[in-house]
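# Notes for the structure review
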Amino acid sequence: MRIFLAGASGVLGTRLVPLLIAAGHQVAGMTRSPEKAQLLAAAGAEPVVCDAFDPDGLVDAVTAYAPDLVMHQLTDLPDDPARLAEGRAANARIRREGTANLLAAADAAGAKRFIAQSVAWEMTGEGLAAKDFLEQSVLAANGVVLRYGQLYGPGTYYPDNLPPAPRIAVDEAAARTAQALDLASGTYEVTDGSTSAVSPIE
């Protein structure tokens, strides 16, 4: 399968790239950072430097790759957890504008499948509105929504301790995502304690 992975240099994306390639897929890894493009190439992906807020550039990038599946792992969160509150507006924007732009690019490219990252915990205010927009938009396009628990493990906000539930180890989250490529359109939970790779939400 040809997979266009937006957010390939993020905490989940960097783990997904080698898993997908090891499974025999071809992967284009999108990042905003030219510096991280080299790391994606070293991992075996075709690096694509593009900004999710550049709709025309995104359409060009996705159509040029002609993927079977577009995967949305985009976030815009600060590296420092102490700055998380001030970064929430940026992350809400990427869930709205980034999602809309990526869906439009996937449609223009004729991609048959679309998978997007969401969250399994309760939200309020702007964050909830952005999450709802992402999920409703993806489902309207016959895509798949993966609601992840709070990530823990190396490179996350919880490298040495467990966050409140719902949660999932970041390496386990990546492994389950790599197994979720053929899911029927719907919303699924990816958390510790799930009885399968991903659990459908009625």
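Above: the structure in question.
Residues numbered from 1 in each chain as written. Predicted model: local features only at pLDDT ≥ 70, side-chain atom pairs only at ≥ 80, totals over all residues. Heavy atoms only, no water.

### A short note on the pairing of strand S9 (residues 186-190)
- Burial within S9 is extensive, with four of its five residues counted as buried.
- Looking at chain direction, strand S6 (residues 144-148) and S9 are connected through five bridges and run parallel. In the sheet register, leucine 146 faces S9, and the bridge partner there is tyrosine 188. (Buried < 20%, exposed > 50% of the residue type's maximum accessible area, 1.4 Å probe, protein only. Helix = DSSP H or I, 4+ residues; strand = E, 2+ residues; numbered from the N terminus. Pairing = 2+ DSSP bridges.)

### A word on the pattern of salt bridges
- A full pass over the atoms with the stated rule returns five salt bridges.
- Between arginine 32 and aspartate 76 there is a salt bridge, with its nearest N and O atoms 3.7 Å apart. Taken together, the residues span a long stretch of sequence, with arginine 32 in the loop between strand S2 (26-31) and helix H2 (34-42) and aspartate 76 in the loop between strand S4 (69-72) and helix H4 (84-109) at a distance of 44 residues.
- The class of arginine 32 is partly exposed, set by a relative accessible area of 45%.
- As a salt-bridge pair, glutamate 172 and arginine 176 come within 2.8 Å of each other at their nearest N and O atoms. Of this pair, glutamate 172 and arginine 176 both sit in helix H6 (residues 170-178), four residues apart, which is roughly one turn of that helix.
- The class of glutamate 172 is partly exposed, set by a relative accessible area of 35%.
- Using a relative accessible area of 9% as the deciding quantity, one classes arginine 176 as buried. (Salt bridge = Lys/Arg side-chain N within 4 Å of Asp/Glu carboxyl O.)

### A short note on unusual backbone geometry
- Look at the link from alanine 165 to proline 166: it is a cis peptide, with omega at 0°.
- When you line up the elements, proline 166 lands in the loop between strand S7 (150-152) and strand S8 (167-169).
- Located in the positive-phi region is alanine 66, a residue other than glycine, with phi close to 50°.
- Mapped onto the fold, alanine 66 is located in the loop between helix H3 (55-65) and S4.
- A residue is classified by how much of its surface remains accessible, and alanine 66, at 42% relative accessible area, is partly exposed.
- The phi torsion at asparagine 142 lies on the positive side, around 60°, for a residue other than glycine.
- The exposure class assigned to asparagine 142 is exposed, which follows from its relative accessible area of 60%.

### A few points about H6
- Looking only at H6, the buried set comprises Val170, Ala173, Ala174, Arg176 and Thr177. Down the axis of H6, the smallest arc covering the buried residues is 165°, so these residues share one side.
- Against the buried residues of H6 lie helix H1 (13-22), S4, S6, S7, S8 and S9. (Arc of directions from axis to C-beta. Contact = heavy atoms within 4.5 Å.)

### Looking at the nonpolar core
- Formed by 26 residues in total, the largest nonpolar core has its most connected members in Leu5, Leu12, Val17, Met71, Ile115, Leu146 and Leu181.
- Elements with a minimum of two residues in this core: strand S1 (2-6), H1, S4, S6, H6 and S9.
- Once residues lying within four places of it in the same chain are set aside, the contact partners of leucine 12 are Gln73, Gln117, Tyr148, Leu151, Val170, Ala173 and Ala174. (Core = buried A, V, L, I, M, F, W, Y, C linked by side-chain atoms within 4.5 Å.)

### Description of the packing of H3 against H4
- Between H3 and H4, the least distance of the axes is 8 Å, while the angle of their chain directions is 40°. The orientation of H3 with respect to H4, classified from their angle, is oblique. Considering only the axes of H3 and H4, their crossing is right-handed. On H4, the residues touching Pro55, Leu58, Val59, Val62 and Thr63 of H3 are Asn101, Leu102, Ala105, Ala106, Ala108 and Ala109. (Axes fitted to C-alpha atoms, helices over the stretch in contact; angles between N-to-C directions. Parallel < 35°, antiparallel > 145°, perpendicular 65-115°, else oblique. Left-handed = near helix turned anticlockwise from the far one by under 90°.)

### Concerning the packing of aromatic side chains
- By the definition in use, this model includes zero aromatic pairs.
- One cation-aromatic arrangement involves arginine 2 over tyrosine 65; the distance from NZ or CZ to the ring centre is 3.9 Å.
- One residue, arginine 93, lies across the ring of phenylalanine 53, its end atom 3.6 Å from the ring centre. (Phe/Tyr/Trp six-rings, centres within 6.5 Å; stacked < 30°, edge-to-face > 60°. Lys NZ or Arg CZ within 6 Å of the ring centre and 35° of its normal.)

Geometry only, nothing functional implied.
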